[in-house]
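Overview (structure and organization)
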Amino acid sequence: MNSSDAVVIAGLNVRRERTDVLRDIDLHVPTGQVVGLLGPSGSGKTTLMRAIIGSQRTASGTIQVFGQAAGHRALRREIGYMAQSAAIYDDLTVEQNLDYFRRVLGSPRADVERVIAEVGLDSVQRNLASKLSGGQRSRVSLGIALLGRPRLLVLDEPTVGLDPLLRKELWGLFARLAASGTTLLVSSHVMDEARRCDRLLLVREGRIIADDTPDGLLKATGASDHDEAFLVLLERAAKEAAA
Amino acid sequence: MTPRLTLATAGRVLAQIRHDPRTIGMLLVVPALLIGLLAWIFDDTPVFETAGPAMLGLFPFIVMFLITSITTLRERRSGTLERLLVMPLGKGDFIGGYALAFGLLAVLQAIVAVAYAVWVCGLEVEGSVWLLILVAVMNGLLGTMLGLLASAFATTEFQVVQFMPVFVAPQILLGGIFLPRDQMPEVLEAISNWLPLSYSIDALNTVTTDADATGEVLVDVAIVAAFAVGALVLAALTLRRRTA
C-alpha cells in the first residue's frame, strides 16, 4: 500500500439480491487529488461510494481509508459524504440544518458561516429547506459534507441540476480544496466535468474499465474529447463482455 | 451515548416541530377536546368516571406512536439517518434525542389533557394529579419507542400508518376498558398480561379511584417503563450503520 493513497480497495465484491453490483474492484485514490467517478446510471457508482464511507454491506474484499478499514469509528470525522438525493431536513432552515450536523461533528460554530459562503447560500440561509429549489437543496447537502473540514470528500453527483455558472464555481471550490490537501471522489455523468478531474475512474456494470488521467484517456482511445473517449471505452468493454 | 449529542438531536427534533404550528396545536388541543366529548356523551351516567382515565393514557400513546414512526421513517428514507450514522453520532444519541423531544411534548400534552379532564369535565381523581400526569407521559414514551421500532418494518408511509392498528388496537381491546381484564376469557387475560397498555390502564384507574395506592401505581409505571426500554433496545438494533 502506498502511504500517499487516501483510499485503497482490493478485490471488492458487492452483491444485492443475487446480482453482482460491484465485481472485483481494485483501485486507489491518491491523496489531494480530485478523482472523477464516471459511468452510466446503474453501473455501481453510488454503491462504490457507499462502500467507501462504510455504509454498504460488502460480500468480500478490503477497503482502506487513510489506513483504516472503511466504516471504522476513527473515520467518522474524516469523511464528508453527500448522497445523490439531498439528505437534509425539509422542516429546518438552511442554517438549522448545518448547525445540527455541525454539533454532531463537534466542529466550531463559525463553520456554518464558512460553509454557507462556500456553497453560495447566503441569501437563503434563513429559509426553510422545503422552500428551496432543487439546486439549492443539493448545495445544502454539499455544505453538510464540507462541515468540519474532512480529509476525504465523497460526493455523489454534486453538480446535478445546477446552472453552468454555479457548476464552474463548485469545480473551482473542489480544486481549491484539493490544493489544500483534501482528497475528493466525485461522481458525475456529465462528461465535460471529466477534464476538471486529476484522475478518472470509469465504471461499467460493476467493474472499473478505465483508471487514468484525463489526458491519458484521450491518448489511449485516440478520441478528441472525453465524451467520445468514454463511448469508445464503453463499446470496447461491451464487445469484450459479449465475446 | 454523549449528552451533548443527545441534546443536540432533541433540539433539532423540536426545531422541526416548531416549524409546524398546526401539529403542535393539534397535539395539545385534540386529546382534551375528545375527552370533553366523551364527558358530554356520558353526561348523566357513571361511564366517564370509569373510561375517562384510560383515555388520558391512550391519546399520548397513539399520537406519539404515529408521530415518531412517521418522522423516523422519513429519516430512513431521506438519507439523513444514513448520513448521521456515518458521523460520530451514537445510536443511543439518536434514540435518546427522540425520546427527550417527544417526552417533552408528551408532558405538555398530558398537562393540558389532565387539567381539562379534572377541572373542566370534572373527572374525580382520588390520588395525586401529578401521578396521573406521570402515567400519561410514560404512555407517550412507550408510544415513541414502539414507533421507532415500527418504522424499521415499514418501507412506505402507508405501511407505517397501518402499523398503528396492529400495535395499538389489540392493546386497547384487551386493556380492560371495555371489560375488566379478570372477566375476560382466560387466554385473552393471559395475553393482556403481556401488553404494556394493560398496566397503564390499571395505573390510571388506580390513581383515580384510590388515594393511598401510590406504590401500586408506581409498580405499574415501572412495568410500562420496562416495556419502553425493551422497545428501545430492539429499536436500537434496527439502526444499522451498514445496509444492503
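The preceding data block contains the structure.
Residues numbered from 1 in each chain as written. Chains lettered and ligands numbered in written order. Predicted model: local features only at pLDDT ≥ 70, side-chain atom pairs only at ≥ 80, totals over all residues.

**Brief notes about the sheet that holds strand β6 (residues 79–82) of chain A**
Residues and elements named next belong to chain A. Read across the sheet, six strands follow the order β6-β7-β8-β3-β9-β10 without closing on themselves; strand pairing throughout is mixed. The open sheet has two free edges, formed respectively by β6 and β10 (207–212), since each of these has just one partner strand. Taken over all neighbouring pairs, the strand axes of this sheet differ in orientation by 15 degrees on average, direction set aside. Summarising the sheet, strand β3 (residues 34–38) and strand β9 (residues 199–204) pair through four bridges and their orientation is parallel. Paired with L38 across the bridge in β9 is L202. (Pairing = 2+ DSSP bridges. Helix = DSSP H or I, 4+ residues; strand = E, 2+ residues; numbered from the N terminus. Axes fitted to C-alpha atoms, helices over the stretch in contact; angles between N-to-C directions.)

**Quick notes on the environment of G143 of chain A**
With respect to the helices and strands, the residue G143 of chain A is situated in helix α4 (residues 134–146). Separated by 49 residues in the primary sequence, G143 of chain A and V94 of chain A have C-alpha atoms spaced 9.6 Å apart.

**Concerning unusual backbone geometry**
Residue and element names in this part refer to chain A. The phi angle at F66 is positive, at roughly 50 degrees, despite the residue not being glycine. Among the secondary structure elements, F66 is positioned in the loop between β4 (60–65) and β5 (68–69). A count of 18 C-beta atoms within 10 Å places F66 in the partly exposed class. Positive phi values are uncommon outside glycine, yet R149 reaches one of about 45 degrees. With respect to the helices and strands, R149 occurs in the loop between α4 and β7 (152–156). (Buried ≥ 20, exposed ≤ 12 C-beta atoms within 10 Å, placed from the backbone.)

**Observations concerning the interface of chain B and chain A**
Reports often express the size of an interface as the amount of accessible area lost when the parts come together. Between chain B and chain A, the contact holds 22 residues from the first and 24 residues from the second. Elements supplying a minimum of two residues to the side of chain B that touches chain A: α1 (3–18) and α4 (80–85) of chain B. A breakdown of the residues in the side of chain B that touches chain A according to their chemical character gives 10 nonpolar, six polar and six charged. (Contact = placed C-beta atoms within 7 Å. Nonpolar A, V, L, I, M, F, W, Y, C, P; charged D, E, K, R; others polar.)

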